[in-house]
Amino acid sequence: MKPIIIPLPFSYKKPNAEVWVFNTTALPIPVRKIKDQQMIVIGPGAVGGNHKHPRTEWFIAFSPGLKLFWLDEQNMVQEVDMFSKKEELVLIEMPPFVPHAVKNMDKKQKVILIEFADEKMKNSEFIQVI
């Protein structure tokens, strides 16, 4: 299995300014499925995750620099940028039991990630992805 990447266009962009608005009620996740959510700040070069678990997670990165790494069916490390270069956000759905990690590739800036999940974290198993 691998992550599913879904484009999330901004609901509003202010003309001639760097002001973009995204309405979280427009998420393509049924509200009844969201049982856990958190905002995560990841420091320069820091890694989160390196685990697998039985829950589905959805990620939205709000700035460049974050990469998602996972192990495919052949135990090969795969990766994807978590922030679109097309001036849109992306929602990344991480299926259950897929070993994964998130790394801030920026050497100077912290980055912000929002995570939604279909259950509280439990039965997480450490897996060295990166």
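Residues numbered from 1 in each chain as written. Predicted model: local features only at pLDDT ≥ 70, side-chain atom pairs only at ≥ 80, totals over all residues. Heavy atoms only, no water.

Student: Please set out the overall build of the protein residue by residue, giving values where relevant.
Tutor: In terms of helices and strands, the protein carries 0 helices and 12 strands. Secondary structure elements of the protein occur, N-terminal to C-terminal, as β-β-β-β-β-β-β-β-β-β-β-β. Rg of the C-alpha trace for the protein: 15 Å, near the compact-globule value of 14 Å for 130 residues, within the 12% margin. Counting the 130 residues in the protein, one finds 38% classified as buried. With an accessible surface of roughly 7,800 Å², the protein has 56% of that area assigned to carbon and sulfur atoms. Computed over 17 positive and 15 negative side-chain charges, the inter-centroid distance for the protein is 3 Å. (Helix = DSSP H or I, 4+ residues; strand = E, 2+ residues; numbered from the N terminus. Rg over C-alpha atoms; globule rule 2.2 N^0.38 Å. Buried < 20%, exposed > 50% of the residue type's maximum accessible area, 1.4 Å probe, protein only. Areas by Shrake-Rupley, 256 points an atom, 1.4 Å probe, with all protein chains shown as cover. Lys, Arg positive; Asp, Glu negative; His and termini not counted. Charge placed at Lys NZ, Arg CZ, Asp CG, Glu CD.)

Student: Tell me about the pattern of salt bridges, and please be specific about residues and values.
Tutor: Summed over the entire model, instances satisfying the criterion amount to 7 salt bridges. Among the salt bridges present, the one from glutamate 115 reaches arginine 55, with a minimum N-O distance of 2.8 Å. Of the two residues, glutamate 115 is situated in strand 11 (residues 111-117) and arginine 55 in the loop between strand 5 (47-52) and strand 6 (57-61); the sequence distance between them amounts to 60 residues. Overall, the relative accessible area of 8% leaves glutamate 115 in the buried class. Judged by its relative accessible area of 2%, arginine 55 falls in the buried class. Among the salt bridges present, the one from glutamate 79 reaches lysine 67, with a minimum N-O distance of 2.6 Å. Highlighted residues: glutamate 79 in strand 8 (residues 77-81) and lysine 67 in strand 7 (residues 66-71), separated in sequence by 12 residues. By relative accessible area, glutamate 79 is classed as partly exposed at 45%. One network of salt bridges, in which partners are shared, links Asp36, Arg55, Glu57, Glu115 and Lys120. (Salt bridge = Lys/Arg side-chain N within 4 Å of Asp/Glu carboxyl O.)

Student: Describe in detail the environment of glycine 48, supporting the description with residues and values.
Tutor: Tracing the chain through its elements places glycine 48 in strand 5. For the pair glycine 48 and lysine 103, spaced 55 residues apart in sequence, the C-alpha to C-alpha distance is 6.4 Å. If sequence neighbours within four positions are ignored, glycine 48 has contacts with Ala101 and Val102. (Contact = heavy atoms within 4.5 Å.)

Student: I'd love a proper account of the sheet that holds strand 9 (residues 89-94), names of residues and values included.
Tutor: Reading across from one edge, 1-9-6-11-4 is the order of the 5 strands in this open sheet, with antiparallel pairing throughout. Since the sheet does not close on itself, it has two edges, and those belong to strand 1 (4-8) and strand 4 (36-42), each with one partner. The sheet shows a mean angle of 25° between the axes of neighbouring strands, taken without regard to direction. Inspection of the sheet shows strand 4 paired to strand 11 by 7 bridges, in the antiparallel sense. In the sheet register, methionine 39 faces strand 11, and the bridge partner there is isoleucine 114. (Pairing = 2+ DSSP bridges. Axes fitted to C-alpha atoms, helices over the stretch in contact; angles between N-to-C directions.)

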